[in-house]
Amino acid sequence: MKELLEVTKTSRNMVSKLIQGFALEQLNKVPSGFNNNLIWNVAHIIVTQQVLVYKLAGLPMMVSDELIEKYKKGTKTEHEASQEEVDEILSLLHKTIEQTEIDIDNNLFQNFTEYSTSTGFVLKNNFDSMSFNNFHEGIHIGVILAIRKLV
């Protein structure tokens, strides 16, 4: 799982660089043809990683229920994020992965609840969830790249 986490770290570093320098207004702008904005995509990958990797393993998540409700699968941008919320999201972008590395080192990922994704892939274990999470983050990096050009 440590090898998979290296891909996640690369993904998170890329996301961080991709949104660097954007003003709060730009992070919150939903371009025509899109349901979400830059900061929603960043928060969504954080929330999804926590659900796929932690919740399905029966472990406590590092994100609040409020954040999960705003940015989970099936949501869309319905509010403008404050600077405080953006700062929290950007902090969690790296803190969650740092904690995942510690938890892998401490061998915490022992249990797993099987889960069928919306793409039809069935996650059967912790390795599958981390693999699928990397695929998911790649999709949202593509969305971020597209939105960047329009804000």
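Calculation criteria
Residues numbered from 1 in each chain as written. Predicted model: local features only at pLDDT ≥ 70, side-chain atom pairs only at ≥ 80, totals over all residues. Heavy atoms only, no water. Helix = DSSP H or I, 4+ residues; strand = E, 2+ residues; numbered from the N terminus. Rg over C-alpha atoms; globule rule 2.2 N^0.38 Å. Buried < 20%, exposed > 50% of the residue type's maximum accessible area, 1.4 Å probe, protein only. Core = buried A, V, L, I, M, F, W, Y, C linked by side-chain atoms within 4.5 Å. Contact = heavy atoms within 4.5 Å. Axes fitted to C-alpha atoms, helices over the stretch in contact; angles between N-to-C directions. Parallel < 35°, antiparallel > 145°, perpendicular 65-115°, else oblique. Nonpolar A, V, L, I, M, F, W, Y, C, P; charged D, E, K, R; others polar. Salt bridge = Lys/Arg side-chain N within 4 Å of Asp/Glu carboxyl O.

Taking an unreviewed UniProt entry as the reference, the chain is identified by name as DinB family protein belonging to Flavobacterium magnesitis.

(A) A look at the overall build of the chain. A tally of regular secondary structure across the chain gives six helices and two strands. For 151 residues, the compact-globule estimate of 2.2 N^0.38 gives 15 Å, and the chain sits close to it at 15 Å. Its C-alpha atoms put the chain at 40 × 30 × 25 Å along the principal axes. When the 151 residues of the chain are sorted by exposure, 43% land in the buried category.

(B) Representation of unusual backbone geometry in the model. Of note, Asn107 is a non-glycine position whose phi angle comes to about 60°, a positive value. Mapped onto the elements of the fold, Asn107 is located in the loop between helix 5 (83–105) and strand 1 (115–116). Here Asn107 falls in the exposed class, since its relative accessible area comes to 53%.

(C) Representation of the nonpolar core in the model. Counting 25 residues, the largest nonpolar core has Val42 and Tyr71 as its most contacted members. For this core, the secondary structure elements donating two or more residues are helix 1 (2–19), helix 3 (38–54), helix 4 (65–71), helix 5 and helix 6 (126–148). Sort the elements by how many residues they give to this core and helix 3 lands first, with eight residues. The contacts of Val42, once residues within four sequence positions are left out, are Val15, Ile19, Ile89, Leu90, Leu93 and Ile144.

(D) Just the packing of helix 1 against helix 5, in detail. Viewed as axis vectors pointing N to C, helix 1 and helix 5 meet at an angle of 170°, and their least axial separation amounts to 10 Å. In this view, helix 1 runs roughly antiparallel relative to helix 5, as classed from their interaxial angle. Contacts between helix 1 and helix 5 involve Lys2, Leu5, Glu6, Thr8, Lys9, Arg12, Asn13, Val15, Ser16 and Ile19 on the former and, on the latter, Leu90, Leu92, Leu93, His94, Thr96, Ile97, Thr100, Glu101, Ile104 and Asp105. Among the residues making up the contact of helix 1 with helix 5, the classes are represented as eight nonpolar, six polar and six charged.

(E) Inspection of the pattern of salt bridges at higher detail. With the rule as written, the count across this model stands at eight salt bridges. Residue Lys2 pairs with Asp105 through a salt bridge whose shortest N-O separation is 2.8 Å. Linking Lys2 in helix 1 with Asp105 in helix 5, this pair joins segments that are 103 residues apart in sequence. With relative accessibility at 32%, the residue Lys2 sits in the partly exposed group. Between Glu69 and Lys72 there is a salt bridge whose closest N-O contact spans 3.2 Å. Linked through salt bridges whose partners overlap, the residues forming this network are Lys2, Glu6, Lys9, Glu101 and Asp105.

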